[in-house]
Each structure stands twice: as C-alpha cells, then as structure tokens.
Amino acid sequence: MDGDVDECVRVLAEVHRCDGYPVNWPARPGEWLSDGPLLGSWVAELEGRVVGHVSLAPGGADDVAPALWSERTGARSATAVVSRLFVAPQARGRRIGALLMDRATAEARRRGLHPVLDVVASDTAAAALYERLGWELLATVDQQWSPHQTVTVRCYAAPS
C-alpha cells in the first residue's frame, strides 16, 4: 500500500466530504492510514485507480470489540481489528467494500485471529454492509474520544 498512500488520501477526502468518515479529519491523513502496528492494508482498484482501502490491526487498549468478543467466547480470544474501510462514492454498488472485507477477514483467519470491528453508530451504510456479510452485533457502546466528544459505536464480530 505504501505507493498508494497519496491516492488513498484523495479517496478518503472524497469519502469524508460525502459521508463524514472519518468523523474527525486527521491532521496527517496519510499517517492515519498507515500508522501503528498493522497486520496488513489493502487497496481496491477500478480501471487503474484506487477506489477503496481496508486495514487489519491487532487490538489496542482503546478497542472495545476485542474485549466484547473475549467476553462472548468466555476466554481471551486472539482477535484482529478490521479498520479504515472506505470506498470512493463513485465506485459503490460494485461489491468493493465486501471484497475488501473478505480480504481482511481472510488474512485475520490465516493468522488464527478472529476479526472484529467497530463503526460509528450513525454510519448506517457501513453497519448495513457488515450485517449483510453476516457479522454479529456484539454491543452498542459510548466511547469518550476526547474531553468534549462522546461517540456511540456499534461493535461487530465476523461470523464464526
């Protein structure tokens, strides 16, 4: 993905203008896409142009979905968090989001990890995609993103 970061930022800016994702525009969007410990990142191309992106990461201290999955399974289960999924508005309706989700999910399973994710509750289109793909809603929770911002998120786990 390294060579695609600028194109991913361009698409992300389109998505942000259209859908408000991400909720808080990052100061350095290229770093936001590629920063942190990643297990992998993938892009989707259509007619030679980047039109989508997804990442897979180990769960962090602030990630609620891995803890919810562990509670659900009764043990400290190894998970991977699917994140940074977006598809260019003009490329939607072609199963690109589903294909990116399939790729990230397959990589998590290849590593022996169970895929989980969270999504801002107001992003009903993303939640609908996850539910169409058979992902299970674990819980809806409020997260404190800053002293002045509480956000409601829906936490999901991939089908077993």
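Preceding this section is the structure that the text describes.
Residues numbered from 1 in each chain as written. Predicted model: local features only at pLDDT ≥ 70, side-chain atom pairs only at ≥ 80, totals over all residues. Heavy atoms only, no water.

Looking at helix 1 (residues 5-19)
Each turn of an α-helix holds 3.6 residues, which means side chains three or four residues apart point in the same direction. Its 15 residues place the ends of helix 1 20 Å apart at the C-alpha level, agreeing with the 21 Å of an ideal helix rising 1.5 Å per residue. Looking only at helix 1, the buried set comprises Val-5, Cys-8, Val-9, Val-11, Leu-12, Ala-13, Glu-14 and Val-15. Against helix 2 (29-34), strand 1 (40-46), strand 2 (49-58) and strand 3 (79-87) lie the buried residues of helix 1. Directly beyond the C-terminal end of helix 1, a positive phi value near 80° is found at Gly-20. (Helix = DSSP H or I, 4+ residues; strand = E, 2+ residues; numbered from the N terminus. Expected span 1.5 Å × (residues − 1). Buried < 20%, exposed > 50% of the residue type's maximum accessible area, 1.4 Å probe, protein only. Contact = heavy atoms within 4.5 Å.)

Points about unusual backbone geometry
A cis amide bond links Tyr-21 to the next residue, Pro-22, at an omega of -5°. By the element assignment, Pro-22 lies in the loop between helix 1 and helix 2. Residue Arg-95 is not a glycine yet carries a positive backbone phi of 70°. Mapped onto the elements of the fold, Arg-95 is located in the loop between strand 3 and helix 4 (96-110). Taking relative accessible area as the criterion, Arg-95 reaches 53% and is therefore assigned exposed.

Examining the environment of Arg-10
Mapped onto the elements of the fold, Arg-10 is located in helix 1. Exposure remark for Arg-10: the relative accessible area of 25% places this residue in the partly exposed category. As for Arg-10 and Ser-146, which are separated by 136 residues in sequence, their C-alpha atoms are 26 Å apart. With near-sequence residues (within four places) excluded, Arg-10 lies in contact with Arg-49 and Val-50. A distance of 3.4 Å separates the side chain of Arg-10 from the backbone oxygen of Val-50, its partner in a polar contact. (Polar contact = N/O pair within 3.5 Å; in protein donor to acceptor, adjacent residues only side chain to side chain.)

Description of the side chain of Ser-55
By the secondary structure assignment, Ser-55 is in strand 2. Here Ser-55 falls in the buried class, since its relative accessible area comes to 1%. A polar atom in the side chain of Ser-55 sits 2.8 Å from the side chain of Ser-41. Look past the residues within four positions of Ser-55 in its chain and what remains in contact with it is Leu-33, Leu-38, Gly-40, Ser-41, Trp-42, Val-81, Val-82, Ser-83 and Arg-84.

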